[in-house]
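A structural walkthrough
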Amino acid sequence: MPDPLSRRRFATAVGGALVAAVAAPSLSRAAAATGTAATAGSATPAAAATDAYTQQFLTQYNKIKNASNGYFSSTGIPYHSVETLIVEAPDYGHQTTSEAFSFWMWLEATYGRVTGNWAPFNNAWATAEHYLIPSHADQPSNSSYNPSSPATYAPEWPLPSNYPSPLNSSVPVGQDPLANELTSTYGTADIYGMHWLLDVDNKYGYGNTPGTGAEAGPTAAGPSFINSYQRGSQESVWETIPQPTTDLFAYGGPNGFLDLFVKDSSYSKQWKYTNAPDADARAVQAAYWAYRWSTAQGAEGQVAASVAKAAKMGDYLRYSMFDKYFKQIGSCTSATGCAAGSGRSSEHYLLSWYYAWGGAEPGGGWAWRIGDGASHQGYQNPLAVWALSSVSALTPLSPTAKSDWSASLNRQLEFYQWLQSAEGAIAGGCTNSWEGDYGTPPAGTSTFYGMAYDWEPVFHDPPSNNWFGFQAWSMERVAEYYYVTGDAKAKAVLDKWVVWASSKTTVTASSFQIPNNLGWSGQPDTWNPTAPGSNAGLHATVVDYSNDVGVAAAYAKTLTYYAAKSGNSAAAALAKSLLDAMATFADSTGIAVPETRTDYSRFGDTVYVPSGWSGKMPNGDPVAPGATFISIRSWYKNDPSWSKVQTYLNGGAAPTFTYHRFWAQADIAMAYAVYGELLAGGGSTDTTPPSVPTGLVSSNVTSSSVTLTWTASTDNVAVTGYSVYRGTTRVATVSGPAYTDTGLTAATAYSYTVTAQDAAGNTSAASAALAVTTTAATGDTTPPSVPTGLVSSNVTSSSVTLTWTASTDNVAVTGYSVYRGSTKVATVTGPAYTDTGLTAATAYSYTVTAQDAAGNTSAASAALAVTTTAASTGPSCTATYAISSDWGAGFNANVTITNTGTTATKSWTLTWTFPGNQTITNMWNATYTQTGHAVTAGNMTYNNVIAPGGNTSFGFGANYSGTNGLPTLTVKAT
């Protein structure tokens with residue numbers, strides 16, 4: 001079976017002189033945003049934000065969402081960049097990545113905080129689920145996966161010319177400890193993770209249309225899964241041969257593209273996907289902020305479904321914490337000598353570069369999964385990991401997920417400390433498989449829990465940790481984590497990094513320079529968790545500088561979060577000066593700077609093809625020895641900007657482009673919003689902490705667990721959560737006044753305290769301490785009583801609510817398992833559960849069992865038969881109108897349409913009559929006509945379908961004089 005190695009290459013700022021201001025918005029004046037909302041349905045508006053930085057966020061946001069600027073496809077998918085001719089990773093601007101999707105989710109979460117409109121955030125998640133997370137049709141043979149034999153070993157090689165790599169079944173592989181748990185928890189063997197790369201307009205022509213499992217070719221409309229990077233650490237973007245994710249041998253050679261990468265005795269038609277863990281972690285990060293901010297607005301129910309999806313994604317993201325072939329961590333010096341892992345012995349607890357999975361087309365009877373033993377500092381995300389282990393709404397459902405993520409949080413913080421250079425920059429990372437084949441590292445190589453230090457983990461062209469953007473991205477997550485938790489370990493890393501980065505930064509009123517490429521020498525001290533070294537021999541130097549606005553945005557956010565928590569005025573001032581200077585580069589599409597692309601000389605680079613191999617791309621371009629990057633992408637020569645590249649290839653000057661990358665433009669917008677929220681007064685100015693939690697008591701004390709409850713705190717705005725401490729260790733963050741602490745030792749005394757937090761980050765003093773002693777181990781073998789009285793209510797076409805009489809136990813009932821037929825669909829703590837996602841007019845059978853703390857399980861309840869109702873005959877929708885900003889002579893507004901019925905819409909139309917002289921100037925995500933005061937807005941081709949319970953939104957800008965009254969909306973849907 002195949003064994004993919006997929007990698008991403010990120011943008012590096014190439015050249016690019018500083019430019020003068022272009023239509024720069026003033027940051028010295030604030031335009032008022034009313035935040036007023038009129039509803040035809042329900043909405044929760046945010047408080048008015050009048051600072052200039054929040055207004056700059058809205059300006060940038062509206063540029064991104066303006067359809068005429070071209071950030072989104074007709075199907076509502078964000079492109080990697082507005083421009084098409086751009087080669088980095090991906091190799092074409094109108095592809096997209098899971099990275100772009102995660103930034104989109106984050107952008108919409110920020111928009112929800114500013115405006116109170118959470119529909120765009122939910123839409124981003126729904127779009128990712130529809131197009132980027134493979135459906136069952138796209139990964140059809142997972143049920144054939146054998147966790148005891150996850151994948152056949154194939155070594156990695158340094159050069160593309162070393163491929164294809166032979167499969168070697170004689171090398172031992174370990175056991176996958178997650179598969180059975182995930183299947184049991186979710187009732188499916190399918191993986192819930194984003195594939196990293198999507199050919200949005202099917203430019204390559206493979207036609208791997210999401211949801212079809214097909215290879216439909218160039219005539220297929222809409223997006224197509226695609227993959228690249230599978231041939232060693234030296235394979236740059238210029239040396240890739242993009243291939244389909246579902247390879248049915250329609251293109252390429254006789255075996256499709258498989259035999260370019262893996263050498264086997266025979267080949268089967270198959271599917272394969274690769275996940276970029278930092279993107280999925282960033283999606284979780286975005287969901288955390290959406291949950292926190294919506295809770296502060298009293299609107300957490302509006303994002304609950306999307307937050308639950310993030311928690312589920314976090315469950316599967318754990319595959320990134322395991323060695324590629326589930327071999328034991330540490331002491332690997334040869335493929336055959338590196339022992340197979342079992343249980344958690346193959347888990348390194350870091351976010352590695354990828355995880356991947358695949359299998360045969362239906363009937364093939366096999367599937368595989370791999371992790372990765374190479375971990376890069378730029379991929380770690382302590383905020384997301386903290387949320388997955390500590391925030392109840394984001395804690396995954398699998399029984400071992402919380403403990404995995406708790407261990408990962410500590411390991412990631414240690415990782416940063418281990419990799420921090422004498423200057424303060426963070427070095428590359430580590431690997432459990434030297435050179436990709438479990439080789440022997442050079443003598444004297446330092447280690448981290450037995451894994452070898454690697455200054456350029458994963459890819460070498462260019463070296464993976466040279467780009468300063470990885471520093472800014474990673475430290476921004478550390479700064480968020482520090483802002484939320486106050487963790488001293490995170491602060492210590494940031495204290496040193498901020499001083500170093502600030503010393504390498506120059507800002508004037510209209511320009512700035514930040515590090516671009518870094519150089520590395522020496523290595524860290526071998527990690528000793530009880531006595532960490534000083535890393536006196538590990539050094540970083542700045543090779544060159546840039547004015548990369550995307551990286552500067554992440555850098556400014558790092559400084560903002562750090563300053564807001566630590567009170568560091570220098571960091572706050574530098575963040576402000578960077579943001580003010582960046583604003584001078586504004587254009588009608590976003591904020592961007594020119595880049596001189598000398599690397600575009602590589603369009604003619606040879607793409608290695610083995611001797612004797614020949615095939616064709618879907619458009620007929622031949623793939624054979626001697627092929628080049630451009631020869632297998634001949635369509636690039638039809639790009640409107642190609643003449644600039646051709647001139648360069650003919651001996652002319654290197655071309656200059658001004659790129660609007662989606663991730664960068666989104667991060668720029670968010671940088672203004674974060675500064676506005678935390679330092680400029682655009683968010684909460686609340687400095688009042690919640691009241692101290694009182695009435696802390698224990699119940700259900702067993703030999704290994706205790707349930708804690710307390711009286712809810714109060715706050716001048718809203719309490720968003722509680723931190724529970726066992727002694728001085730925080731063991732959980734929960735949203736309500738209750739928590740069950742498990743995994744305790746029998747007959748042992750513990751002390752608990754609780755603090756309360758609000759949305760502004762204020763924390764109360766600790767509650768009075770509560771002493772609890774667990775009971776002695778009893779050897780309890782008595783199961784709870786059988787659940788009785790199982791009944792259904794609220795039966796719809798897609799859901800049913802189940803309730804039953806609580807069971808009893810000689811000690812205590814700890815939970816119930818709910819079964820639909822023979823499949824366990826949920827584990828709940830109380831006698832009620834709502835099962836969703838059902839099929840209309842279908843009969844189901846349910847049973848329930850009870851469990852106690854000793855692991856005893858009751859017999860199943862009597863079965864309950866339930867038949868869902870028929871689907872309704874038509875959709876029913878409501879609409880909400882909200883003004884997001886108003887400057888006296890004009891305004892921006894957003895409209896959200898929610899499907900409150902039980903069938904999806906086919907089309908929708910919204911009408912209203914302005915009460916004043918408002919005149920629309922432009923509208924995005926909808927068509928419109930205006931006659932006098934009357935307006936009719938209709939769906940685009942890509943947002944006509946609104947699923948039951950789902951929503952879509954559009955916005956517009958308008959001029960007016962006098963008063964800006966709110967219209968009454970009428971929505972019609974078919």
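Residues numbered from 1 in each chain as written. Predicted model: local features only at pLDDT ≥ 70, side-chain atom pairs only at ≥ 80, totals over all residues. Heavy atoms only, no water.

Things to note about the packing of helix 10 (residues 488-503) against helix 11 (residues 549-566)
Relative orientation of the contacting elements helix 10 and helix 11 amounts to 130°, with a least axis distance of 11 Å. Accordingly, the angle class assigned to the pair helix 10 and helix 11 is oblique. Like other packed secondary-structure pairs, helix 10 and helix 11 cross with a definite hand, here left-handed. Residues Lys-491, Leu-494, Asp-495, Trp-497, Val-498, Ala-501 and Ser-502 of helix 10 pack against Tyr-555, Thr-558, Leu-559, Tyr-562 and Ser-566 of helix 11. Class assignment of the residues belonging to the contact of helix 10 with helix 11 gives a composition of seven nonpolar, three polar and two charged. (Axes fitted to C-alpha atoms, helices over the stretch in contact; angles between N-to-C directions. Helix = DSSP H or I, 4+ residues; strand = E, 2+ residues; numbered from the N terminus. Parallel < 35°, antiparallel > 145°, perpendicular 65-115°, else oblique. Left-handed = near helix turned anticlockwise from the far one by under 90°. Contact = heavy atoms within 4.5 Å. Nonpolar A, V, L, I, M, F, W, Y, C, P; charged D, E, K, R; others polar.)

Considerations on the UniProt feature "domain: Fibronectin type-III" (unreviewed entry) in the protein
Mapped onto the present numbering, the UniProt feature "domain: Fibronectin type-III" (unreviewed entry) falls on residues 692-777 and 786-871. In residues 786-871, helix accounts for 0% and strand for 51%; the two terminal C-alpha atoms are 34 Å from one another. (UniProt positions renumbered as here; feature names shortened; annotations may be inferred.)

What about the environment of Arg-597?
For Arg-597, the position within the fold is in the loop between strand 18 (594-596) and strand 19 (615-616). There is a polar contact of 3.1 Å between the side chain of Arg-597 and the backbone oxygen of Val-87. Within polar-contact distance, the side chain of Arg-597 engages the side chain of Asp-599 at 2.9 Å. (Polar contact = N/O pair within 3.5 Å; in protein donor to acceptor, adjacent residues only side chain to side chain.)

Regarding the state of the cysteines
Counted by the stated rule, this structure contains one disulfide. One disulfide bridge connects Cys-332 with Cys-338, the sulfur atoms lying 1.8 Å from each other. For Cys-332, a relative accessible area of 8% corresponds to the buried category. On the basis of relative accessible area, Cys-338 is assigned to the buried category, the value being 1%. (Disulfide = S-S within 2.5 Å. Buried < 20%, exposed > 50% of the residue type's maximum accessible area, 1.4 Å probe, protein only.)

A look at the sheet that holds strand 13 (residues 447-448)
Pairing is antiparallel in the open sheet, where four strands are placed in the order 11-12-14-13. At either end of the open sheet lies a strand with only one pairing partner, and these are strand 11 (374-376) and strand 13. In terms of strand pairing, strand 12 (residues 429-431) meets strand 14 (residues 451-454) through three bridges, oriented antiparallel. If you follow Thr-431 over to strand 14, its bridge partner there is Ala-452. (Pairing = 2+ DSSP bridges.)

Topic: the pattern of salt bridges
Taken as a whole and assessed by the stated rule, the structure comprises 26 salt bridges. When the shortest N-O distance is used, the salt bridge between Glu-476 and Lys-557 registers 3.9 Å. With Glu-476 in helix 9 (residues 468-485) and Lys-557 in helix 11, this pair connects stretches of sequence that are 81 residues apart. A single burial state applies to Glu-476 and to Lys-557, both of which are buried. Between Lys-576 and Asp-580 there is a salt bridge whose closest N-O contact spans 2.8 Å. Here Asp-580 and Lys-576 lie together in helix 12 (residues 569-583), a separation of four residues that amounts to about one turn. (Salt bridge = Lys/Arg side-chain N within 4 Å of Asp/Glu carboxyl O.)

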